[in-house]
Amino acid sequence: MIGPEIEKLIQLLAKLPGLGPRSARRVTLHLLDHRDTLMEPLASALAEAADAIRACSACGNLDTCDPCSICADAGRDAATLCVVEQVSDLWALERTKAYRGRYHVLGGTLSALDGVGPEDLDIPALIERARAPEASEVILALNATVDGQTTAHYVTDRLANCDVTVTRLAHGVPVGGELDYLDDGTLMAALKSRRAL
Ligand SMILES: [Zn+2]
């Protein structure tokens, strides 16, 4: 017989991505075994994050300040907007340290199957930002999935009247990738986007 507090914890943990009821039970026991070093610090970190972290009203990034530290950083190029589906994509691009412009988080992709239409994504704000005099390039860093590419086409159409260059990420052979192991779609895209040396 498990107490209601533990049962509640297991049920909540089981809602996390990648965790089912079985791993949620294991995580719960692990937390209870490491009460001082893990469970209590985690509880306060969760409470602090829930209280302090907000979505940036300009780009949709998550931060403790609004505008977020990327939007507020005068050292970043305000002329370039990189459009991503989710905050996790923004974080992935930030990890490369190769991009010094700003972002725009759409909050998903168009999907007929899941009933996601243009009104469900943060597209009007993107158009408005692309119309700003300082904007010169919009990079579409959307996933190479059917929905990602449908969204890229839609956004490109909507940006047609804005005075910006619209670019997208190259599709190609991954660094360290062997041709024989690539799927046909990746290989075909890499061949199509070949360039002169
Ligand atoms: Zn921001």
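Scroll up a little and you will see the structure.
Remember, it's a predicted structure, so these values are computed and weren't measured experimentally.

Peer 1: Please clarify how the coordination of the zinc ion should be interpreted in this entry.
Peer 2: Angles between donor atoms at a metal ideally measure 109.5 degrees for a four-coordinate tetrahedral arrangement and either 90 or 180 degrees for a six-coordinate octahedral one. Cys56 (SG), Cys59 (SG), Cys68 (SG) and Cys71 (SG) make up the full set of protein donors to the zinc ion, lying at 2.3 Å. Coordination at the zinc ion is tetrahedral, judged from the four donor atoms that bind it and the angles of 104 to 115° they form at the metal. Counting the intervening residues between successive donors of the zinc ion yields the motif C-x2-C-x8-C-x2-C. Here Cys56, found in the loop between β1 (54-55) and β2 (62-63), pairs with Cys71, found in helix α4 (residues 69-72); they are 15 residues apart in sequence, far enough to count as distant. On the accessibility criterion, Cys71 (12% relative accessible area) is buried.

Peer 1: Could you clarify how one ought to interpret the packing of helix α1 (residues 4-13) against helix α2 (residues 21-33) in this entry?
Peer 2: When two helices pack together, you describe them by how their axes are tilted relative to each other and by the distance separating the axes. Taken N-terminus to C-terminus, the directions of α1 and α2 make an angle of 125°; their axes are 8 Å apart at the nearest point. Comparing the axis directions of α1 and α2 gives the class oblique. α1 and α2 meet at a crossing whose hand is right-handed. Two secondary-structure elements touch here, α1 through Ile6, Leu9, Ile10 and Leu13 and α2 through Pro21, Ala24, Arg25, Val27, Thr28, Leu31 and Leu32.

Peer 1: Even after reading the chapter, I still don't get the side chain of Arg76, so can you show me in this structure?
Peer 2: Looking at the element boundaries, Arg76 is found in the loop between α4 and β3 (77-84). Arg76 gets classed as buried once you look at its relative accessible area, which sits at 5%. Among the polar contacts listed, one links the side chain of Arg76 to the backbone oxygen of Tyr99, at a separation of 3.1 Å. For Arg76, the side chain forms a polar contact with the main-chain oxygen of Gly101, separated by 2.8 Å. Those residues in contact with Arg76 that lie beyond four places of it in its chain are Ile70, Glu94, Tyr99, Arg100, Gly101, Arg102 and Tyr103.

Peer 1: Would you take a moment to explain the packing of aromatic side chains for this structure?
Peer 2: Each aromatic ring pair is characterised by the separation of its centres together with the angle its planes make. In total, this model carries one aromatic pair according to the counting rule given. Each ring, one from Tyr99 and one from Tyr103, has its centre 5.1 Å from the other, and the planes form 65°; the classification is edge-to-face. Across the pair, Tyr103 and Tyr99 agree in class, each one buried.

Peer 1: What should I look at first to understand empty space enclosed by the protein in this one?
Peer 2: One water molecule sets the probe size; rolling that probe over the atoms shows where empty space is left. The final tally for this structure, using the stated rule, is one cavity of 30 Å³ or more. There is about 50 Å³ of room inside the largest cavity. In terms of lining residues, the largest cavity is bounded by Leu140, Leu142, Gln149, Ala152, Arg168, Leu169 and His171. Considered class by class, the residues forming the lining of the largest cavity number four nonpolar, two polar and one charged.

Peer 1: Would you mind going over the pairing of strand β4 (residues 101-105) with me for this structure?
Peer 2: Strand residues, when the strand is regular, have side chains that alternate between the two faces of the sheet. Across the five residues that make up β4, a large majority, five, are buried. Across five bridges, β3 lies against β4 in parallel orientation. Following the sheet pairing, Val84 is matched in β4 by Val105. Of the crossover connections in this fold, the one passing from β3 over helix α5 (residues 87-96) to the parallel β4 is right-handed.

Peer 1: Please explain the side chain of Arg102 as it appears in this structure.
Peer 2: On the secondary structure map, Arg102 appears in strand β4. Once residues within four sequence positions are removed from consideration, Arg102 is found in contact with Ile70, Cys71, Asp73, Ala74, Arg76, Asp77, Ala78, Thr80, Leu81, Cys82 and Arg129.

Peer 1: Please explain the packing of α2 against helix α3 (residues 35-52) as it appears in this structure.
Peer 2: Contact geometry for α2 and α3: axes closest at 6 Å, N-to-C directions at 115°. Between α2 and α3, the crossing angle belongs to the class labelled roughly perpendicular. Across from His30, Leu31, Leu32 and Asp33 in α2, the residues of α3 making contact are Arg35, Leu38, Met39 and Leu42. A per-class count over the contact of α2 with α3 returns five nonpolar, one polar and two charged.

Cut-offs applied
Residues numbered from 1 in each chain as written. Predicted model: local features only at pLDDT ≥ 70, side-chain atom pairs only at ≥ 80, totals over all residues. Heavy atoms only, no water. Donors = N, O, S within 2.8 Å, 3.2 Å for Na, K, Ca; no water. Tetrahedral: all angles 85-135°; square planar, octahedral: opposite > 155°, others 65-115°. Helix = DSSP H or I, 4+ residues; strand = E, 2+ residues; numbered from the N terminus. Buried < 20%, exposed > 50% of the residue type's maximum accessible area, 1.4 Å probe, protein only. Axes fitted to C-alpha atoms, helices over the stretch in contact; angles between N-to-C directions. Parallel < 35°, antiparallel > 145°, perpendicular 65-115°, else oblique. Left-handed = near helix turned anticlockwise from the far one by under 90°. Contact = heavy atoms within 4.5 Å. Polar contact = N/O pair within 3.5 Å; in protein donor to acceptor, adjacent residues only side chain to side chain. Phe/Tyr/Trp six-rings, centres within 6.5 Å; stacked < 30°, edge-to-face > 60°. 1 Å grid on protein atoms, 1.4 Å probe; cavity = no way out; pocket = protein on both sides within 12 Å on 5 of 7 lines; lining within 4 Å. Points joined across faces, edges and corners; volume = space filled by probe spheres on them. Nonpolar A, V, L, I, M, F, W, Y, C, P; charged D, E, K, R; others polar. Pairing = 2+ DSSP bridges. Right-handed = clockwise from strand over helix to strand, strands pointing away.

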